[in-house]
Amino acid sequence: MVTMSREDDIAALLQEVAETHHRVYRITDGEDEDWASWYADWLLNLSELAQLLGMRPVRSHLVHALVEEDRDHTAAATDEPWPAFYARDLLRRFST
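Residues numbered from 1 in each chain as written. Predicted model: local features only at pLDDT ≥ 70, side-chain atom pairs only at ≥ 80, totals over all residues. Heavy atoms only, no water.

Draft legend 1. Looking closely at the overall build of the chain. Helix and strand counts for the chain stand at five helices and zero strands. In sequence order, the secondary structure elements of the chain are arranged as α-α-α-α-α. Here the C-alpha atoms of the chain give a radius of gyration of 13 Å, agreeing with the 12 Å that 2.2 N^0.38 yields for 96 residues. For the C-alpha atoms alone, the extent of the chain along its principal axes is close to 35 × 30 × 30 Å. Counting across all 96 residues of the chain, residues that qualify as buried make up 40%. Considering only contacts within the chain whose residues lie at least 6 apart along the sequence, 58% involve residues at least 24 apart. Of the roughly 6,000 Å² of accessible surface on the chain, a fraction of 52% belongs to carbon and sulfur atoms. (Helix = DSSP H or I, 4+ residues; strand = E, 2+ residues; numbered from the N terminus. Rg over C-alpha atoms; globule rule 2.2 N^0.38 Å. Buried < 20%, exposed > 50% of the residue type's maximum accessible area, 1.4 Å probe, protein only. Contact = heavy atoms within 4.5 Å. Areas by Shrake-Rupley, 256 points an atom, 1.4 Å probe, with all protein chains shown as cover.)

Draft legend 2. Spotlight on the nonpolar core. Counting residues in each nonpolar core, the largest one holds 26 residues, and the members touching the most others are Ile10, Leu14, Leu43, Leu62 and Leu66. Elements with a contribution of two residues or more to this core: α1 (6-24), α2 (35-45), α3 (49-53), α4 (59-76) and α5 (82-94). Element by element, the count of residues in this core is highest for α2, at seven residues. Setting aside its immediate chain neighbours within four residues, Leu14 contacts Leu43, Leu66, Trp82, Pro83, Tyr86, Ala87 and Leu90. (Core = buried A, V, L, I, M, F, W, Y, C linked by side-chain atoms within 4.5 Å.)

Draft legend 3. Quick peek at the pattern of salt bridges. Throughout the structure, instances matching the rule amount to eight salt bridges. Note that Arg88 and Glu80 form a salt bridge whose closest N and O atoms lie 2.7 Å from each other. Given a relative accessible area of 36%, Arg88 falls into the partly exposed group. Here Asp89 makes a salt bridge to Arg93, at a shortest N to O gap of 2.4 Å. Pair noted here: Asp89 and Arg93 are both in helix α5, with a separation of four residues, about one helical turn. (Salt bridge = Lys/Arg side-chain N within 4 Å of Asp/Glu carboxyl O.)

Draft legend 4. Expanded view of the packing of aromatic side chains. Here the structure, examined in full by the defined rule, presents two aromatic pairs. Ring centres of Trp82 and Tyr86 lie 4.9 Å apart, and the angle between their planes is 65°; this geometry places the pair in the edge-to-face category. Of this pair, Trp82 and Tyr86 both sit in helix α5, separated by four residues, roughly a single helical turn. (Phe/Tyr/Trp six-rings, centres within 6.5 Å; stacked < 30°, edge-to-face > 60°.)

Draft legend 5. Broad picture of a negative patch on the surface. A contiguous patch of negative charge, built from Asp29, Glu31, Glu33 and Asp34, is present on the exposed surface. Locating Asp34 in the fold gives a position in the loop between α1 and α2. (Patch = residues over 30% accessible without salt bridge, like charges linked within 9 Å, V, L, I, M, F, W, Y side chains within 5 Å. Lys, Arg positive; Asp, Glu negative; His and termini not counted. Charge placed at Lys NZ, Arg CZ, Asp CG, Glu CD.)

Shown next, in the form of structure tokens:
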């Protein structure tokens, strides 16, 4: 039995929200300029993110974090998958 870390669990939630968002926005092939707000709503209201972080982030703070993570991941030009990159940062910012 493999035990996932909180970082792995959060990365899995991020992958799930991305897939869900893409299905909802299928008519635009997933394009949504306000994606971070949609992700934040889903993560806060329909996932276990708050339990994994040990606290419930303020929605606007989570939106801001997601936008910064997107910018930072793009600037880093890393091969690291974005969900792992974002998960590590979310834990750093919000975990108790």
